[in-house]
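Summary of the model geometry
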Amino acid sequence: MDDINWRSHWENNNIGFHLDQTNPMLVKHWPKIRAVPKDMVFVPLCGKSLDMIELHRQGHFVLGSELSEIAVEAFFTEQNLNHSKHEAGEHEYWSSERMAIIQGDFFTLAEESIPARFVYDRAALVALPPDMQEAYVEHLLRIAPDIEQILLVTVEYDDVAAAAPPFSIPPDRVKALYGEYFEIDLIETRDTKPSPRKQAQGLKVITEHVFKLDRK
C-alpha cells in the first residue's frame, strides 16, 4: 500500500485492520521469544496497536514505526500516555516511559538506527503488496542488523479475492523472504473469521499463521 492510501485510511477512519484488544497470538506465543524485561522490542508499521501496551506491560522498551501521524497521536492520546516529541531528520520521535514511536516513512529510516534484537510483526509484512515485501525485509535487516528473533503473524487466503491488505502470505512465502537469514518455525496455524470487508470480498475463512524466526 502506498503512502497516500495508507494515510487516507487513517484520515477516513477506515481502520478495520486495527484490533480493539491484544492479539491472543502475542499473549500465547511471546514467551517463546528470548526477550527479557528491559529488552527493546521493535514493532514496525505499528499503527495504534494495543499489542505495544502488552509488550510494555511485560517490561520491554517498545519502539514502533508508523507512517500516519493520526495513528501515532491516537495511540498516545487513547492510552493516556504523557509524551514528548522531537524532530529526528525527516521523522518525528514520540516518546514516553519505555515507549516510543518513530513517525514517518519506514523505508527512509537510517541504517543501524534501530538498536533492537527482537521484533514483533503482526501488521507490517501483511500490509505490503508482494512487490514491496522483499524490500521491507531487506530494509528491516539494514536498520536493525542485530535482530535475533522475530515473532511474525501472517494470514493466508484465496488470492483471487485479495484486493487490499492484509495480503495473503503463506508459509512458503515467509521461507522465501526470510529463509536466507533465519531458521523458521511455524508454531501455530488456525482458521479465523475474516473481517467484514474481507467477507464482502467473498472470503469465508482466513487462515492465520504464527512463526518464530531465529537468526542463523
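Going by the structure above, here's the rest.
Numbers given for residues are sequential positions, taken from 1 along each chain in its written order. This being a predicted model, a pLDDT of at least 70 is required before a residue's local features are given, and a value of 80 or more before pairs of side-chain atoms are given or counted; all residues contribute to the totals for chains, interfaces and linings. As a rule here, side-chain values cover all heavy atoms of the structure and leave hydrogens and water aside.

Thoughts on the overall build of the protein
Condition: Under the DSSP-based scheme used, a helix requires at least four consecutive residues in state H or I and a strand at least two consecutive residues in state E, with every element numbered from the N terminus. Remark: exposure states derive from per-residue accessible area (1.4 Å probe, protein chains only) relative to the maximum for the residue type, with buried under 20%, exposed over 50%, and partly exposed in between. Contact definition: two residues touch when any of their heavy atoms are within 4.5 Å.
When its secondary structure is counted, the protein shows 7 helices and 9 strands. Within the protein, the fraction of its 216 residues that count as buried is 50%. Considering only intrachain contacts with a sequence separation of at least 6, the fraction spanning at least 24 residues in the protein is 69%.

As for the sheet that holds strand β9 (residues 206–215)
Selection rule: Pairing between two strands requires that DSSP report at least two bridges joining them. Axes, fitted as lines to C-alpha atoms, cover a helix only where it is in contact. Angles between the N-to-C directions of the axes lie from 0 to 180 degrees.
The strand order β3-β4-β5-β2-β1-β6-β7-β9-β8 describes an open sheet built from 9 strands, whose pairing is mixed. Among the strands making up the open sheet, the edge pair consists of β3 (84–88) and β8 (182–192). On average, adjacent strands in this sheet sit at an angle of 20° to one another, irrespective of strand direction. Looking at chain direction, strand β7 (residues 149–156) and β9 are connected through 8 bridges and run antiparallel. Looking at the pairing, V155 lines up with E208 of β9.

Observations concerning the pattern of salt bridges
It is possible for side chains of opposite charge to pair when their charged atoms get near one another. Inclusion rule: What makes a salt bridge here is a side-chain nitrogen of Lys or Arg within 4 Å of a carboxyl oxygen of Asp or Glu, nothing more.
Per the stated rule, a full pass over the model turns up 10 salt bridges. With a closest N to O distance of 3.6 Å, R34 and E148 form a salt bridge. Residue R34 is found in the loop between α2 (24–29) and β1 (40–44), and its partner E148 is found in the loop between α5 (130–143) and β7; the two are separated by 114 residues along the sequence. Since its relative accessible area comes to 48%, R34 is described here as partly exposed. For E148, a relative accessible area of 25% translates into the label partly exposed. Taken together, the shared-partner salt bridges in this structure form one network comprising R34, D39, R117, E148, K212 and D214.

A closer look at the packing of aromatic side chains
Test applied: A pair of Phe, Tyr and Trp rings is counted when the ring centres sit within 6.5 Å of each other, with Trp represented by its six-membered ring. The angle between the planes then sorts it: under 30 degrees is stacked, over 60 is edge-to-face, the rest tilted.
A complete count under the given rule lists 6 aromatic pairs for this structure. Measuring from centroid to centroid gives 5.2 Å for F106 and F107, while their planes differ by 90°, and the two rings are edge-to-face. You can call F107 partly exposed: its relative accessible area is 30%. Between Y178 and F182, the ring centres sit 5.8 Å apart and the planes meet at 75°, which makes this aromatic pair edge-to-face. Per residue, the accessibility class of Y178 equals that of F182, and both read buried.

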